[in-house]
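# Fold and geometry: a report
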Amino acid sequence: MSENRVWHRRVGVALLLMLAAGLRIWGLDFGLPILGIRPDEEKVILPALTFFSGDYNPHLFNYPTFYLYLLHIALAPAYLIGRLGGHFGDWLDLLHDFRVDPTPYVLFARSISAALSVACVWLIVRLGRRLGTTLGGFVGAGLFAVSQLPVREAHFATVDGPQAFFVLLSLLLGMRILQPKARTREVLRASIVAGLTASVKYTGGIVVVPLLFVVARWARGQGRSPGRWILGTGALSVGVFALASPFVVLDPGGFWESFSRIVGYYGTAPEELAAVSARPSGWAQLVGYLSDGLGLPLLILGGLGLLECARRGGGAITIFAISYFVLLGVGRALFSRYSLPLAAPLCLGAGLVIERTLRSLRVPGRAWVAGVLALLVAWPTILDSVHFDRLSARPETRNRLVTWIQDEIPADATLIFNVPIGLIGSLPRTMAAEHTTLEDLLAAPHEYLRKRGEMLTALRERFPDWPPVPRYDVIETGSPPFRFDAQRALSGTDVYLIIADRTPWAAATPVLEKLAMRQGEIAWERDPKRVGGSAPRYDELDAFYIPLKGLEELSEAGPKLTVYRLRRSGK
């Protein structure tokens, strides 16, 4: 390859990475400083901070711990500098700093997700070259760079983005096993990364399936026993998973309690989400999420491209995509972000189809024509990515509600929320409200909640004058372990009822609806939907209020919120 072509290729990769980074950085501060507006981020960031206490048991095993430990290590220099500079005395000071303003911590964790998503673009280029097509890899990487699904998930500090990165890295290392003169060390590297992938998120363990396929082919080619190498590869991957998530083994009771609850949740219809029982199969849900997140044209081309991957020697990619699709499709309660690991194989497959079609037709100037075709195929999802970034860069309805409450509602007023809707923790509570919450947490049946109650108790003892005024008597009416004391709630002088738009996660009970109609007068209301527009489509299981489709129909993100000031009976 000439130096000129190498230079052009490097410039092309750099431009793709810059494009991907721009789409992922735009709106990265979505919802801040309110932590709960993007659900599940706290379940990643808070453990990484509490590990500084010296207790590396997460006590909640919704996720394995490898990525939580990585984030903890990444935060360690800042914690060390803070201690040396006298800003932190110990880990409780760090947690207090996080509680006062989580913005820098969340932005740091989100930046890692964004960086790993950008790195996926580079890995797709490498996979394309491994399959013998630089152009196909470029086109696939470009499609991934602009598609809404990866752009969307790169904005948040959840484990799904890191899982997608480690899946791609595992597939790339697995394919290197089949290169000429591959040695045992290639098998070892791929096995280690497969174990780490499973330790980022349990479903990532499915990468072991294509790895075993590749190792069996390699062993036969080397004249070795495939069975022994398959067993050895599987054992090494499991061992690495256990080392990266040690408390799965050291705390088997806690692990099994969380893991069995997760499996039961996703395999059946939870009582609080009765709508799940009426949902289509998990496979149909995945197809719908991929169609929303990638666009139907790209999804169709990507599906055909998985066959092209297998034809070019990338059977491991095809096997992973099929295995992952089958595994998740068994469940019923699937979140849209679970489809993310399928995005890169589908984008790469679409790139391969475009490249092969142009080559078969002997089209001149294939690189330019491929770029135009990729733009046409990706145009719907490019628009969705831009609309998503536009919404995420603006204050959300819950941001506006908190500002209004602090500006307009007097201190010590009672605020009743129909359900937790992602802003409860951002409102300073009266001591009575904090005491009730701590009592409920300390008496909770799950060790994770009890540990959290102990942590909050220690923080309250260390910082009795925080939070600053105004404080509110915040009351939640649902979501165990919290209780709703109606007599206490309605006994105050200033009582406000906040109701979010009806969704599976935010639906006012009939009692509260009647209360609002009988004793309430609207004090504030915010509806993000454009007047006369069509209804956006949301992930109805995720308490996250940026839609999957119809983003252009919103002026801002967030649920419709209505604040009622409640009059005393008889007035």
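Heads up: the structure comes first, above all this text.
Starting from 1, residues in each chain are numbered consecutively following that chain's sequence as written. Under the rules for a predicted model, residues below a pLDDT of 70 receive no local features and side-chain atom pairs below 80 are neither given nor counted, while totals for whole chains, interfaces and linings still include all residues. Computation of side-chain values covers all heavy atoms of the structure but excludes hydrogens and water.

## A word on the packing of aromatic side chains
- Two rings belonging to Phe, Tyr or Trp (six-membered ring only in the last case) form a pair when the distance between their centres is within 6.5 Å. Interplanar angles under 30 degrees mark stacking, angles over 60 mark edge-to-face geometry, and anything in between is tilted. Counted according to the given criterion, the structure contains 22 aromatic pairs.
- A centroid spacing of 5.1 Å and a plane angle of 75° characterise the contact between Y202 and F259, whose relative ring orientation is edge-to-face. Taken together, the residues Y202 in the loop between α9 (184-200) and α10 (208-221) and F259 in helix α13 (residues 252-267) connect sequence positions 57 residues apart.
- Relative accessible area serves as the criterion here: at 23%, F259 is assigned to the partly exposed category.
- An aromatic cluster is defined as three or more aromatic residues linked by ring pairs; in this entry it consists of F61, Y202, F241, F255, W256 and F259.
- Charges are assigned to positions over rings by a cutoff of 6 Å between ring centre and Lys NZ or Arg CZ, combined with an angular limit of 35 degrees from the ring normal. When the ring centre of F156 is taken as origin, the NZ or CZ atom of R38, which lies over that ring, is 5.5 Å away.
- Sitting above the plane of the F544 ring, R38 keeps its charged end 4.2 Å from the centroid. For helices the rule is a DSSP run of H or I covering at least 4 residues; for strands it is a run of E covering at least 2, with both sets numbered from the N terminus onward. Each residue's exposure class comes from its accessible area (1.4 Å probe, protein chains only) as a fraction of the maximum for that residue type: buried when under 20%, exposed when over 50%, partly exposed otherwise.

## Quick look at the packing of helix α17 (residues 343-360) against helix α18 (residues 366-392)
- For helices, the fitted line uses only the C-alpha atoms of the stretch in contact; every axis is such a line through C-alpha atoms, and the angle between N-to-C directions lies from 0 to 180 degrees. Contact pair α17 / α18: the axes reach a minimum separation of 10 Å and the direction vectors enclose 135°. In terms of orientation, α17 and α18 fall into the oblique class. Relative to α18, α17 is oriented so that their crossing is right-handed. Packed against α17, whose contacting residues are I354, L358 and R359, the element α18 presents R366, V369, A370, L373 and A374 at the interface.
- Following the grouping adopted for this structure description, the nonpolar residues are Ala, Val, Leu, Ile, Met, Phe, Trp, Tyr, Cys and Pro, the charged ones are Asp, Glu, Lys and Arg, and the polar ones are all others, Gly among them. A per-class count over the contact of α17 with α18 returns six nonpolar, no polar and two charged. Each angle is binned into one of four classes, with values under 35 degrees roughly parallel, values over 145 roughly antiparallel, values of 65 to 115 roughly perpendicular, and all other values oblique. Left-handed describes a crossing whose near helix is turned anticlockwise from the far helix by less than a right angle; the clockwise case is right-handed. By the convention used here, residues are in contact when the closest approach between their heavy atoms is within 4.5 Å.

## Considering helix α5 (residues 103-130)
- Working rule for helices: expected span equals 1.5 Å times residues minus one. The terminal C-alpha atoms of α5 lie 40 Å apart, and with 28 residues this matches the ideal 40 Å at 1.5 Å per residue to within 8%.
- G132 sits one or two positions beyond α5 and adopts a positive phi of about 85°.

## Some details on the pairing of strand β1 (residues 414-417)
- Burial along β1 is two-sided: T414 and I416 facing one way and L415 and F417 facing the other are all buried.
- Sheet topology places β1 next to strand β2 (residues 473-476); four bridges connect them, and they run parallel. By the bridge assignment, L415 is partnered in β2 with V474. Pairing between strands requires that DSSP locate at least two bridges from one strand to the other.

## As for the side chain of S113
- For S113, the location among the structural elements is in helix α5.
- A relative accessible area of 1% places S113 in the buried class.
- Polar contacts, as counted here, are pairs of nitrogen or oxygen atoms within 3.5 Å of one another; within protein the pair requires one atom able to donate a hydrogen and one able to accept it, and residues that are adjacent in sequence qualify only if both atoms are side-chain atoms. Here F156 takes part through its backbone oxygen, which lies 2.9 Å from a polar atom of the side chain of S113.
- Excluding anything up to four places from it in sequence, S113 contacts Y67, A154, F156, A157, T158 and P162.

## Topic: the sheet that holds strand β3 (residues 495-500)
- Read across the open sheet, the five strands follow the order β2-β1-β3-β5-β4; overall the sheet is mixed. Two strands lie at the open edges of the sheet, namely β2 and β4 (520-526), each paired on one side alone. Mean inter-strand twist for the sheet, computed between neighbouring axes without regard to direction, equals 20°.
- Along the sheet, helix α19 (residues 397-408) makes contact with β1, β3, β4 and β5 (561-566), crossing β4 at roughly 130°.

## Re the pattern of salt bridges
- Salt bridges are identified by distance alone: a Lys or Arg side-chain nitrogen within 4 Å of an Asp or Glu carboxyl oxygen. In this structure the tally under the stated criterion is 26 salt bridges.
- D542 serves as the salt-bridge partner of R38, at 2.7 Å between the closest nitrogen and oxygen. One end of the pair, R38, is in the loop between α1 (3-25) and α2 (42-50); the other, D542, is in the loop between β4 and β5, and 504 residues separate them in sequence.
- Owing to a relative accessible area of 2%, R38 belongs among the buried residues under this scheme.
- Ionic pairing is found between R337 and D160, a salt bridge with its closest N-O pair at 2.9 Å. Pair noted here: R337 is in the loop between α16 (315-329) and α17 and D160 is in helix α8 (residues 160-176), with a separation of 177 residues, a long-range link.
- On the basis of relative accessibility, which here comes to 3%, the residue R337 falls in the buried class.
- Three or more residues are tied together by salt bridges with common partners; here these are R38, D40, K43, D160, K201, R337 and D542.

Any link to function would need more than the numbers given here.
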